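For reference, the chains in residue letters:
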Amino acid sequence: MKKANWLAALVMACLVAFAGCGKKKDTVEAAPVANNAPIALSKLKQALAGNTNADIQGAVGKISADLRYGINYDQVLVELDTLNQNPALTAPEKKVVSDTLEQVKNYLAQQQQQPK
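Source: prediction; values computed, not measured.

Parameters and conventions
- Residues numbered from 1 in each chain as written.
- Predicted model: local features only at pLDDT ≥ 70, side-chain atom pairs only at ≥ 80, totals over all residues.
- Heavy atoms only, no water.
- Helix = DSSP H or I, 4+ residues; strand = E, 2+ residues; numbered from the N terminus.
- Buried < 20%, exposed > 50% of the residue type's maximum accessible area, 1.4 Å probe, protein only.
- Contact = heavy atoms within 4.5 Å.
- Areas by Shrake-Rupley, 256 points an atom, 1.4 Å probe, with all protein chains shown as cover.
- Phe/Tyr/Trp six-rings, centres within 6.5 Å; stacked < 30°, edge-to-face > 60°.

Draft legend 1. Region of interest: the overall build of the protein. Helix and strand counts for the protein come out as five helices and zero strands. Beginning at the N terminus, the succession of helices and strands in the protein can be written as α-α-α-α-α. Sorting the 116 residues of the protein into buried and exposed places 28% on the buried side. Taking the intrachain contacts of the protein between residues at least 6 apart in sequence as the baseline, contacts between residues at least 24 apart amount to 58%. Within the structure as shown, the protein displays about 8500 Å² of accessible surface, and the carbon and sulfur contribution to it stands at 57%.

Written as structure tokens, this is what we have:
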């Protein structure tokens, strides 16, 4: 009986050890938006990642969270508009912010047109 217990424990240990081995799968970060909204949030994050302004980084965090969880799209529009008017943004950053703002507006328009 003891031999069977040891054998079972050895088999289980091998299974656990080999379960973690293998080639890792490539993981693609899904767009963190609710309801499959076609909003390129990753572009916004990339464009503003180099900007060290705390207000800008805070706004990007709020926008990201609100879009990810679909909390309040009206607040996202306000944050994007405020961000777009921030003088600390460069021209390419403003372009990405305005593109994201348009994507959110288009998504909201599509949602309003769909029957519930």
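Draft legend 2. Summary view of the environment of D55. Structurally, D55 can be placed in helix α3 (residues 54-69). Separated by 31 residues in the primary sequence, D55 and N86 place their C-alpha atoms 9.1 Å from one another.

Draft legend 3. The arrangement of the packing of aromatic side chains in detail. Using the criterion set out here, one finds one aromatic pair in the structure. Note on Y73 and Y107: the rings are 5.6 Å apart at their centroids and 55° apart in plane angle, and the pair reads as tilted. In this pair, Y73 sits in helix α4 (residues 73-84) while Y107 sits in helix α5 (residues 91-113), placing the two residues 34 residues apart along the sequence. The burial state of Y73 is the same as that of Y107; both residues are buried.

Draft legend 4. Main features of the side chain of T100. Along the polypeptide, T100 turns up in helix α5. Take T100: its relative accessible area is 2%, and that puts it in the buried class. Excluding residues that lie within four positions of it along the chain, T100 makes contacts with I39, A40, L44 and L80.

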